[in-house]
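# Structure at a glance
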Amino acid sequence: MLEFIGKGSTTCDGVNRRSFLKVGSLALGGLTLPQLLKARAASKPSKKRSVILIWQAGGPSHIDMYDLKPNAPSEIRGEFKPIATNVPGIQIGEHLPLQSKIMDKLSILRSACHTNAGHGMGSQWMLTGYQPTIEVNDNIFPSLGSVVAKMNGANNPSMPPYVNLPKLLNLGKAAYLGASYNPFAPDNDPNMEGFKVRNLSLPSKINVDRLSRRRDLLNDLDNIRRDIDTKGDLVGLDSFYKDAMEMVTNTKAQDAFDMQRESVVLRDTYGRNDLGQSCLLARRLVEAGVTFVTIQAGGGWDTHGDNFKGLKNNLLPKFDRALTALVEDLHDRGMSDDVLVMAMGEFGRTPKINSGAGRDHWPGAMSVVYSGGGLKMGQVVGSTNANAEYPTTKPATPGCVLSTMYHCLGIDHHFAFHDQAQRPMPILSEGEPIQELIG
Amino acid sequence: MSFFSFLGNATAQDSITILSPVKSIEFKDAFAGWQIIANAGQTDVTRIASYKSTNPKVARVDEKGFVEPVGDGQATIHVTHQGKILDVPVDVSGVSNGRPIDFRTEIVPLLSKLGCNAGGCHGKASGQNGFKLSLFGFDADFDFESIVNEARGRRIFPANPEKSLFIQKASGQMPHGGGKRLIPDSNDYQIVKRWIAAGTPPVAKNVPTVKRIQMIPNDRIYKQGDTQQVAVIAEYTDGSFRDVTRQSEFASNLDVIAVADATGFIKAGKLSGEAAVMGRHMGHVAVTRVLVPHGEALKEIPGFKPTSQIDLLAIAKWKKLGLQPTPVCDDATFIRRLSVDLCGRLPTLEETTAFVKDTDTNKRAKLVDTLLDSADYPAYFAMKWGSILRNSNHAGSDRASYAFHNWIRDMIARNRPYDEFVRGVVAASGEWQDAPAINWYWQSRDDQLHQVSADTSQVFLGVRLQCARCHHHPYERWGQGDYYGLTGFFTRLGKKSFGEPPPYFTSASVTSSEKNPLTGKSPEPKFLDGPEMKFSSEEDPRHALVDWMAKPENPFFSKALVNRMWGHFLGRGLFQEVDDQRETNPPSNPELLDYLAKEFVSHKFDVKHVIRLITTSSVYQLGSEPTEHNKNDHQNFARYYARRMPAEVFLDAVNQVTGNKSGFSGISANGRAIDLPHENFGSYFLDTFDRPKRVTGCECERSTGATLAQVLLLANSDEMEGKINTAQGRLAKLMKQNLPAPEMIDNLYQVAFSRLPTAKEKARSLDHVNKSDNKQQALEDLLWVILNSKEFMFNH
């Protein structure tokens, strides 16, 4: 099969890459199994960490949440006031009161920024680290979760490595890594009564014995040679059959998705809505061995009109409750070092309020929340100018934001895959982990 | 041209030969250099031979055989290998009083070679840390401005060149995000220093520019692990040429086959196959082909009887590569394969039985004709083209998407010439009821004409031109002028302000606000690699564009189509991806590509003819099982490359075997997944198996990889159980007929696999049924196993 070709190469930012693994074009951006195992072994941290990303699709308003400018003119500062937090000197928006009490367990990056104000392109950039050149609603570059799935696999082999909640995210796919690294999604809202994951429990007329008899029969009859295709799909399918059967028959996966196992009190603490319950489910999943969970944090963050009403009456209370509950829950369980929680969207919002009391797209500055994952907490990193338009210190590109996450997972973000055109595509083309966070 | 025509072994003496276009080295300025390529027999010994200059004050030579001028005069380079000596004369002039240093000829190539202007660094659109260069050095004037004048000239310090920010940063003497690129005191360093000391002269006027480059050698057969030094020779507009090996970058398109280092030294890996190593200099590219045979070259191919021109051309290549094909597949395999590839469905039990029984020696060709004339071929290929042409019901196009789908299917069914089909799309005008292909335009809603330009080029010409919208194509000769030249054919495209889609028409004057950034004006039409055009206000430039495509001598159009078809039937294009033809992505069998393209042209763009040629060839009919002699072949079709069925075909196959209907609303009750006119018919099954979203004209949108959700759906869902045990289904009918179990097992195998079970399979299946106290359930289990087996999911 294909083999390693070591190559000493220096990246643009001067970091000397370790000999990276080369991908056979014949496997379309895919590594062969031994290569992959070796890559994983090289990048594995001693601890198995996981990530929960709360994706605020639409673009959350940084200036109303984490980067308030009370001294700016009224058409910029808006209605909300800053409040003190439990970390002296750090203030956040008044409609995040729960988070203000756990600021010591959070770090806020105020100086994230990029240059694309379109939803599709901005989202792709923030969710992959690459700026696409065209506006499409599908991945051109692999999403974070797909990269993690490929590099680290699942923390527990009876679980999928990468899950989207509650449904598949538009830009959460694997692109040139291959569909095998697409996310798994329950395709149902965990806030619903009788929430169930599609096709995870046995069909109504099939019991475990019968399924196992079928498996035996399949093992005996499914004998076509595994080397007749050139893309490794046959072998890939076999491994998914093993995983799938494991998930269906082993109660671990089913239990992980079973929301009924949580107390009513805790479920209420997270908030009885799709975001709250998805956060709770995400915690259950990482506990069971999922490595990367992306939660679509409801909709409505695209507050072109009535920004303030939308935030204070709907978006922020739900988000504040869900994020706080998740962070506290992880701390209560002693998991906070093993799980990195992040919250962000594709961009911030225009500091200048528009005529409809809304704010428009603004990639010039945005705030990103990090919690746990072994990062240094209780701090604000970076700052923006008087109107929250641009970073004044520690500007952080999407690559910086994401490499910090990869760092937590022990993934070398210089590692290169190959796209369909056989271009070597490093996991990130720019950006280094934020020093203040990784310590 | 004269220069390239006498390329060859110019000097020969005993066993050493020099690959060179010239008999002696002639340096006319101080910046020249020459890479000697030394052969002993068929082996490259450039790095093994030793070199000595008879006069180091005139010319010096390094251990890699690279010669450089030192002072005016004559010298001789002794090339020594295994006791044999070959002399290469060197004549040097102009070192002391030759032409002055030139920014474009000497400095810009360094920016490329050192990686300064790469896409990850200063070459990206936003530059890097405030310093921006043109990507890969395609714009020397821009680069000059950037380095010398921008930022108030702070990058250059003429009084002390080595203290210039430009040198300090590049050589890592000051903090530089890109690290140390320029090694102090290296030749490159000296050149930069010299340029600054000379007062940073700009791009000199009248200095000849590069017309083309060539690599020496341009192809070679390697053994695993073999090495080869290559040279890059540039030909200039004044007819002169120079060695630019050390000012070029190198990249292999398949690093597992061969890699190249920065000096143009190629090393073949441990795998057999072919790679193209690209050399790039000043926006020009050339390739050298690396061929690593699978075995000893063959005089003939044992056991393979060619039945067509395709076979003969494949054989020629296999002989060279030492490849032996897998024997031709049996009839049952053939009918299943052809039905899936051509009609997007499994053959029926009756079709298979009759075909296998038929004793006509010509029955395979007859089957191709029968299926080509059936309604399933146009149905399936309408699905394929509907996806490539992004036929969607978005933006109010529900009825238009049906109309466009039907139009495509009808064109294919009537086998209208392909150029007529393309004209119907590219030059579509009017209301959607009359010209349903305007949905192609409407789905882009593309006033900048980006998607229209990019798709026209990629879909119909097989040229991926979209890079060239923003910058020169990194692996091709295409620049922004070419991209906007194509855009120029669409700038008068207008649409009315009513209807969804609204009527489209060609206006008398420009309607698009798009500007060609090179001119700042509306793009003017220019054919790819062809002349600029002017059209009167009555003419529709789009028709001229299709006229140009359909000219027999058009180098792109017919190749793009025949390669797409080849890729469809053989699982991989002659060039791959199927819509990416370029010099640096050469076809694996150029003669075969040319043959098919010529046939397509001479048969007036008859697509059925091309399909017939391909599917009746023995190459298409090879077995899929790898043998000892072709197991590493992924490029030359020495066996049929098995692949999964596309989502729609697979759903239909499941329904066909289980005896279900798809039940889509909005099409006829018998409508199958392949009959769906657009992508927005809700289906968890199709989405899970990655039905294309029709957002790009690239066939690569359809990925084949397996997912957990697919397996859970197939192996563990009420949806599949319902299909298996439905009262109207195949199994229920078999049960009603009360056939003996062996017959039922045969039936299921034949329908799903187009073959009977082997004795072993039959015994195991029977055993399962007999052991069970519920025959119905036991057969359901067997059907489940069949649907979940890889043999079923794959076309092989």
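Numbering of residues starts from 1 in each chain and follows the order in which that chain's sequence is written. Chain letters and ligand numbers both follow the written order, the letters beginning at A and the numbers at 1. For this predicted model, a pLDDT threshold of at least 70 governs which residues receive local features, and a threshold of 80 or more governs which side-chain atom pairs are given and counted, while totals over whole chains, interfaces and linings are taken from all residues.

## Considerations on the overall build of chain A
Put simply, the test is: Only runs of H or I of at least four residues qualify as helices and only runs of E of at least two qualify as strands under DSSP, and these elements are numbered from the N terminus. For every residue, the other C-beta atoms within 10 Å of its own C-beta are counted; 20 or more classify it as buried, 12 or fewer as exposed, and values in between as partly exposed. C-beta atoms are placed from the backbone. Distance between backbone-placed C-beta atoms decides contact: two residues are in contact if it is within 7 Å.
Scanning chain A from N- to C-terminus turns up 14 helices and 15 strands. The proportion of buried residues among the 439 residues of chain A is 57%. A fraction of 69% describes how many contacts in chain A between residues 6 or more apart in sequence connect residues 24 or more apart.

## Some details on helix 23 (residues 718-725) of chain B
To be explicit about the condition: By arc we mean the arc of the directions from the helix axis to the C-beta atoms, nothing more.
Met 720, Lys 723 and Ile 724 of chain B are the residues of helix 23 of chain B that are buried. Along helix 23 of chain B, the residues classed as buried sweep out an arc of 100° about the axis, all on the same side.

## Topic: the pairing of strand 4 (residues 107-112) of chain A
All names here are of chain A. We apply this condition: Criterion used throughout: strands pair if DSSP finds at least two bridges between them.
When you tally the buried positions in strand 4, you get six out of six residues, the bulk of the element. With three bridges joining them, strand 4 and strand 11 (residues 379-381) adopt parallel strand pairing. Within strand 11, the residue paired with Ile 108 across the bridge is Val 380. Across four bridges, strand 4 lies against strand 10 (residues 366-372) in antiparallel orientation. Note that in strand 10 the partner of Leu 109 across the bridge is Val 368.

## Topic: the interface of chain A and chain B
Cut-off, in case you're wondering: Only Asp, Glu, Lys and Arg are considered charged in this grouping, and only Ala, Val, Leu, Ile, Met, Phe, Trp, Tyr, Cys and Pro are considered nonpolar; every other residue, Gly among them, is considered polar.
Opposite the 54 residues of chain A that make contact, chain B presents 56 residues. Elements that contribute at least two residues to the side of chain A that touches chain B include exactly helix 7 (208-221) and helix 8 (233-249) of chain A. Looking at the side of chain A that touches chain B element by element, the count peaks at nine residues for helix 8 of chain A. Considered class by class, the residues forming the side of chain A that touches chain B number 23 nonpolar, 16 polar and 15 charged.

## Section: the environment of Gln 435 of chain A
One can find Gln 435 of chain A in helix 14 (residues 435-438). Between the alpha carbons of Gln 435 of chain A and Leu 96 of chain A there is a distance of 26 Å; along the sequence they are 339 residues apart.

## Observations regarding the packing of helix 23 of chain B against helix 27 (residues 775-787) of chain B
Helix-helix packing is characterised by the crossing angle of the two axes and by the distance between the axes. Residue and element names in this part refer to chain B. In plain terms, the rule: Note on definitions: angles span 0 to 180 degrees between N-to-C directions of axes, and those axes are lines fitted to C-alpha atoms, for helices only across the stretch in contact. Note that the term roughly parallel is reserved for angles under 35 degrees, roughly antiparallel for angles over 145, roughly perpendicular for angles of 65 to 115, and oblique for everything else. Here a crossing is taken to be left-handed if its near helix is turned anticlockwise relative to the far helix by less than a right angle, and right-handed if that turn runs clockwise.
For the pair helix 23 and helix 27, interaxial distance at closest approach is 10 Å and the crossing angle is 120°. By the criterion of interaxial angle, the relationship of helix 23 to helix 27 is oblique. Of the two possible hands of crossing, helix 23 and helix 27 adopt the one that is right-handed. Counted together, Met 720, Ile 724 and Asn 725 of helix 23 and Glu 780, Leu 783, Trp 784 and Leu 787 of helix 27 form the full contact between these two elements. Here the residues of the contact of helix 23 with helix 27 are counted per class, giving five nonpolar, one polar and one charged.

## Here's the deal with the sheet that holds strand 21 (residues 284-292) of chain B
Residue and element names in this part refer to chain B. Spatial ordering of the open sheet is given by 13-21-20-17, a layout of four strands whose pairing is mixed. Because the sheet does not close on itself, it has two edges, and the strands there are strand 13 (219-221) and strand 17 (249-252). Strand after strand, the sheet turns through a mean of 20° between neighbouring axes, direction not considered. Bridge count between strand 20 (residues 273-281) and strand 21: nine bridges; the pairing is antiparallel. Paired with His 281 across the strands is His 284, a residue of strand 21.

## Things to note about the domain arrangement of chain B
Basically, it comes down to this: As used throughout, domain bounds are those supplied by an automatic or database domain assignment.
In terms of domain boundaries, chain B breaks down into domain 1 (2-92), domain 2 (103-197), domain 3 (210-292), domain 4 (331-374 + 555-643), domain 5 (417-549) and domain 6 (706-795). On a C-alpha basis, the centres of domain 1 of chain B and domain 6 of chain B stand 72 Å from each other.

## Quick word on unusual backbone geometry
Pro 166 of chain A follows Leu 165 of chain A through a cis peptide bond whose omega is -15°. Tracing the backbone shows Pro 166 of chain A in the loop between strand 5 (162-165) and helix 7. Non-glycine residue Ala 388 of chain A carries a positive phi angle of around 60°. Considering the arrangement of structural elements, one finds Ala 388 of chain A in the loop between strand 12 (383-384) and strand 13 (391-393). Positive phi values are uncommon outside glycine, yet Lys 604 of chain B reaches one of about 55°. Relative to the assigned elements, Lys 604 of chain B resides in the loop between helix 18 (590-602) and helix 19 (607-616). Judged by C-beta crowding, with 13 C-beta atoms within 10 Å, Lys 604 of chain B ranks as partly exposed.

## Observations regarding the environment of Ile 16 of chain B
Relative to the helices and strands, Ile 16 of chain B resides in strand 2 (residues 16-20). With residues up to four places along the chain from it excluded, the contact list for Ile 16 of chain B reads Ala 38, Ala 40, Val 79, His 81, Lys 84 and Leu 86 of chain B.

## Observations regarding the confidence of the model for chain A
Inclusion rule: A residue's pLDDT is simply how confident the predictor is in it, with values from 0 to 100.
The share of residues in chain A with pLDDT of 70 or more is 87%, and the mean pLDDT across the chain is 86. Low pLDDT, under 50, characterises residues 1-34 of chain A; the stretch is placed with 74 contacts to residues that sit more than four places away or in other chains.

## What to know about the pairing of strand 15 (residues 231-236) of chain B
All names here are of chain B. Taken across its six residues, strand 15 has five buried, putting it largely inside the fold. Relative to strand 15, strand 12 (residues 210-216) is paired through six bridges, and the arrangement is antiparallel. Counted as the bridge partner of Met 215 is Val 232 from strand 15. Two strands pair when backbone bridges link them, and strand 15 and strand 16 (residues 241-243) are joined in this way by three bridges, in the antiparallel orientation. Bridging from a neighbouring strand, Ile 233 pairs with Asp 243 of strand 16.

## Considerations on the sheet that holds strand 11 (residues 84-92) of chain B
Residues and elements named next belong to chain B. Taken together, the four strands give an open sheet; going across it, the order is 3-11-10-7, and neighbouring strands pair in mixed fashion. Pairing within the sheet leaves two strands with one partner each, and these edge strands are strand 3 (25-27) and strand 7 (50-53). Each adjacent strand pair in this sheet contributes to an overall mean axis angle of 20°, direction not counted. Here strand 10 (residues 73-81) pairs with strand 11 via nine bridges, running antiparallel. Residue His 81 lies in a different strand from strand 11, and its bridge partner there is Lys 84.

## Considerations on the nonpolar core
Spelled out, the test is: Definition of nonpolar core: a set of buried Ala, Val, Leu, Ile, Met, Phe, Trp, Tyr and Cys residues joined via C-beta atoms within 7 Å.
With 262 residues, the main nonpolar core has Ile 52, Val 148, Val 293, Ile 295 and Met 342 of chain A as its most contacted residues. The greatest single-element share of this core, amounting to 10 residues, is contributed by helix 12 (residues 307-332) of chain A. Counting residues in hydrophobic clusters, the runner-up holds 56 residues, among them Ala 59, Val 79, Ala 286 and Val 287 of chain B.

## Re the packing of helix 17 (residues 557-570) of chain B against helix 18 of chain B
Residue and element names in this part refer to chain B. Direction vectors running N to C along helix 17 and helix 18 enclose 110°, while the axes themselves pass 9 Å from each other. The pairing of helix 17 with helix 18 is recorded here as roughly perpendicular in orientation. Remark: the crossing between helix 17 and helix 18 carries right-handed chirality. Contacts between helix 17 and helix 18 involve Ser 558, Lys 559, Leu 561, Val 562, Asn 563 and Trp 566 from the first element and Leu 593, Leu 596, Ala 597, Phe 600 and Val 601 from the second. Here the residues of the contact of helix 17 with helix 18 are counted per class, giving eight nonpolar, two polar and one charged.

## Structural notes on helix 24 (residues 730-737) of chain B
Residues and elements named next belong to chain B. Taken together, the buried positions of helix 24 are Arg 730, Leu 731 and Leu 734. Angular distribution of buried residues about the axis of helix 24 spans 95°; they occupy a single face of the element. At its buried positions, helix 24 is contacted by helix 20 (647-658), helix 23, helix 25 (741-753) and helix 27. One or two residues past the end of helix 24 sits Asn 738, with phi positive at roughly 55°.

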